[in-house]
Amino acid sequence: MLSSIKDSAKLNEMIFVMSLKKLKKKLLIVYHNFLNVFDREKTTQLFLHQSYDHKIELKDENQSSRSWLYLMLSHKLQKIKKYLEKNLKKKFITLSKASFASSILFIKKKDDSLCFCMNYQKLNALIKRNCYSILLINEVLTQIQDSKYLTWLNIIIMFNKLCISSESENLITFITFFDVYKYKVMLFKLINESTFFQHYINNVLFNCLHQFCQIYLNDILIYSKILKKHRTHVKEMLDKLHEVNLQINIDKCKFKIQKISFLKLLIFINDLRMNSWKVNVI
């Protein structure tokens, strides 16, 4: 048994070293001190409860939503089981004793594979809607005006990084053929999740916002006029993301570029394009 544990530890260490080498090849050497910000393993860690826990408020606290199981083929049941095992291990879900629950369903992706998700349609109809202002196009253009360098960072698995408040957990209970479970983390499938995350990310990155970056949900646009300053700005952002334990998807990041698609705009240095139209930045 001890031999097996040692072999497993060596294997994990080898995998870690290999992934680290790949990451270093993709990441500019000036940012190698921030490799931990790009560590995908940390995305599986459950956050502790904090002031940013998401609370779900119902229009009527006496209302509830109950859905029932329907017949599923064996391959779908196996897919559900793998999902449950994975998320129970991460502690993203736990068993629930709630008297109401949402159903589950499968959505077909573009490649014809199946995506397992929760059907919160009934619950969403009972939730109070929140409002939170997001970026305006004119505001973005004003801020990046005269910039010479752009960097785009993408936060990975952003919604799972925050907890659902303890009193709201039972509301997002879902029923399967195996058992009844509830989520402990925030989900993208509920209304208000986007506005809540925007509020959260604006708060934790407040000191950087409108100074050298614009943020829309999990997309961060960093802009600067001077290359040396741009690298300092990117380092400052990576340091802040490390501080709040948010990870970046290296495969979606773009460093020191001259154009980028952001908020459905194709942004060039000193230029803006949308669809077939072209507008000069003043």
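To be clear, the structure that these remarks concern was listed above.
Model, not experiment: these values are computed from the prediction.

What about the sheet that holds strand β5 (residues 173–175)?
Each strand in a sheet pairs with its neighbour through backbone hydrogen bonds, running either in the same direction (parallel) or in the opposite one (antiparallel).
Reasoning step 1: What the three strands build is an open sheet, ordered β1-β6-β5; its pairing is antiparallel. Since the sheet does not close on itself, it has two edges, and those belong to β1 (93–95) and β5, each with one partner. Here the strands of the sheet are splayed against their neighbours by 35° on average, with no regard to which way each runs.
Reasoning step 2: The sheet contact formed by β1 and strand β6 (residues 180–183) spans three bridges and is antiparallel. For I93, the partnering residue across the bridge sits in β6 and is Y183.
Reasoning step 3: Strand contacts of helix α2 (residues 74–90): β1, β5 and β6, with the helix running at about 100° to β1, the strand carrying the most contacts.

Considerations on the sheet that holds strand β8 (residues 219–224)
Reasoning step 1: Across the sheet, four strands lie side by side as β7-β8-β4-β9; this open sheet has antiparallel pairing. Strands with a single pairing partner mark the edges of an open sheet, and in this sheet they are β7 (213–216) and β9 (254–257). Between one strand and the next, the sheet's axes are offset by a mean angle of 15°, whatever the strand orientation.
Reasoning step 2: Of the pairings in the sheet, the one linking β7 to β8 comprises four bridges and is antiparallel in character. Bridge assignment links I215 to a residue of β8, and that residue is I220.
Reasoning step 3: Here helix α6 (residues 227–243) sits on the sheet in contact with β4 (149–154), β7, β8 and β9, set at roughly 150° to β8.

About the thresholds
Residues numbered from 1 in each chain as written. Predicted model: local features only at pLDDT ≥ 70, side-chain atom pairs only at ≥ 80, totals over all residues. Heavy atoms only, no water. Pairing = 2+ DSSP bridges. Helix = DSSP H or I, 4+ residues; strand = E, 2+ residues; numbered from the N terminus. Axes fitted to C-alpha atoms, helices over the stretch in contact; angles between N-to-C directions. Contact = heavy atoms within 4.5 Å.

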